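Understanding the architecture of this molecule
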Amino acid sequence: MKKIVAAVVSAFALIGAAPSFAQTPAPAPATAIDPATLAASQELFEAMNHRAMMTGMMQQMSQGIAQSMRAGAEAAINNNPKLGDEQKKQAQAKMEKELPGFIAAMQGVMNDPAMIDEILAETVPIYARTFSADELKQMTAFYRTPVGAKMLASTPQLMAQGMQVGQQVVARRIGPLMQKMQQESKQ
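In this text the structure is predicted, and so the values were computed from the model without any measurement. (Residues numbered from 1 in each chain as written. Predicted model: local features only at pLDDT ≥ 70, side-chain atom pairs only at ≥ 80, totals over all residues. Heavy atoms only, no water.)

The biggest cluster of nonpolar side chains holds eleven residues, and these are F45, M54, M57, M58, M61, M110, M115, I116, L120, V124 and M163. Among the secondary structure elements, those contributing two or more residues to this core are α3 (50-78) and α5 (113-130). For M115, the residues in contact, after removing those within four places along its chain, are M58, V109 and M110. (Core = buried A, V, L, I, M, F, W, Y, C linked by side-chain atoms within 4.5 Å. Buried < 20%, exposed > 50% of the residue type's maximum accessible area, 1.4 Å probe, protein only. Helix = DSSP H or I, 4+ residues; strand = E, 2+ residues; numbered from the N terminus. Contact = heavy atoms within 4.5 Å.)

The following block contains the structure:
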């Protein structure tokens, strides 16, 4: 079952923009941030309606997670050369029994509003360390224009389409690699 869980986590990682659960990056060095720059960064995130955008993105990822997790688990079972037909049937049955719990747990994490709060709390200072207060104010002004508003309104759809393209490109490259690795493992 460990291999199935690993496949599920791998499938989750491939749905795009997903955080890596394998390791947590080291926090950025603690540097003093000018309060005005931090406030300008927070104002930019409000102008970008970043909370709603993140919530929508997480909901979108959550909806696609069941299919991705199932595909990853099935591939792990079907492509395991150590399993015979009967063992694959047993593993498939076990996966069918346990997968709904994994999916529910992952969706619970993805749809937790506290996670959005945490992401925002850790992202706002990154912008404040990267841009000056004046630059942040210029970006905020842009997002409050009609073109900026259109960009914000289009971003979720553009991201979804970009993730689909990314998945298709990755699948085209991984498929032949998996076949090659399977052939090599049989030799």
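Attention now moves to the confidence of the model for the protein chain. Summarising the model, the protein chain shows a mean pLDDT of 81, and 84% of its residues fall at 70 or more. At the level of individual helices and strands, the protein chain shows its lowest average pLDDT in helix α1 (residues 2-13), which scores 45, and its highest in helix α6 (residues 133-143), which scores 97. With pLDDT under 50 throughout, residues 1-24 is counted as low confidence; its partners more than four residues away or in other chains account for 40 contacts. (pLDDT = per-residue confidence, 0-100.)

Tallied over the full model, the rule gives three aromatic pairs. Ring centres of Y127 and F131 lie 6.1 Å apart, and the angle between their planes is 45°; this geometry places the pair in the tilted category. On the basis of relative accessibility, which here comes to 25%, the residue Y127 falls in the partly exposed class. Among the residues examined, F131 registers a relative accessible area of 29% and is labelled partly exposed. Relative to Y143, the ring of F142 has its centre 5.1 Å away and its plane inclined at 65°; by these criteria the two rings are edge-to-face. The rings of F45, Y127 and F131 are connected pair by pair, giving a single aromatic cluster. (Phe/Tyr/Trp six-rings, centres within 6.5 Å; stacked < 30°, edge-to-face > 60°.)

On the surface, V170, I174, L177, M178 and M181 cluster together to form a nonpolar patch covering roughly 380 Å² of accessible area. Considering the arrangement of structural elements, one finds M178 in helix α7 (residues 146-186). Its relative accessible area of 35% is what places M178 among the partly exposed residues. (Patch = residues over 30% accessible without salt bridge, like charges linked within 9 Å, V, L, I, M, F, W, Y side chains within 5 Å. Areas by Shrake-Rupley, 256 points an atom, 1.4 Å probe, with all protein chains shown as cover. Salt bridge = Lys/Arg side-chain N within 4 Å of Asp/Glu carboxyl O.)

Here we take up the packing of helix α2 (residues 35-47) against α5. Running from N to C, α2 and α5 point in directions that differ by 120°, and their axes come no closer than 8 Å. Taken as axis vectors, α2 and α5 run oblique relative to one another. At the point where α2 passes α5, the crossing takes the right-handed sense. Contacts from T37, L38, S41, Q42, L44 and F45 of α2 reach α5 at L120, T123, V124, P125, Y127 and A128. Taken together, the residues of the contact of α2 with α5 break down into eight nonpolar, four polar and no charged. (Axes fitted to C-alpha atoms, helices over the stretch in contact; angles between N-to-C directions. Parallel < 35°, antiparallel > 145°, perpendicular 65-115°, else oblique. Left-handed = near helix turned anticlockwise from the far one by under 90°. Nonpolar A, V, L, I, M, F, W, Y, C, P; charged D, E, K, R; others polar.)

Here the structure, examined in full by the defined rule, presents one cavity of 30 Å³ or more. By volume, the largest cavity is sized at about 50 Å³. The wall of the largest cavity is formed by M53, G56, M57, Q60, P156 and M159. Those elements giving two or more residues to the lining of the largest cavity turn out to be α3 and α7. Looking at the lining of the largest cavity, its residues break down into four nonpolar, two polar and no charged. (1 Å grid on protein atoms, 1.4 Å probe; cavity = no way out; pocket = protein on both sides within 12 Å on 5 of 7 lines; lining within 4 Å. Points joined across faces, edges and corners; volume = space filled by probe spheres on them.)

On the secondary structure map, S41 appears in helix α2. What S41 contacts, discounting residues up to four positions off in sequence, is V124, Y127, A128 and L136.

Let us now look at unusual backbone geometry. Of note in this structure, N49 is not a glycine but carries a positive phi near 50°. With respect to the secondary-structure elements, N49 resides in the loop between α2 and α3. The class of N49 is partly exposed, set by a relative accessible area of 48%.

Pairing between side chains of opposite charge can happen when the charged atoms of each approach one another. Under the counting rule described, the total for this entry stands at three salt bridges. As a salt-bridge pair, R144 and E43 come within 3.1 Å of each other at their nearest N and O atoms. Placement of the pair is R144 in the loop between α6 and α7 and E43 in helix α2, with a sequence separation of 101 residues. Residue R144 is classed as exposed on the basis of its relative accessible area of 53%.

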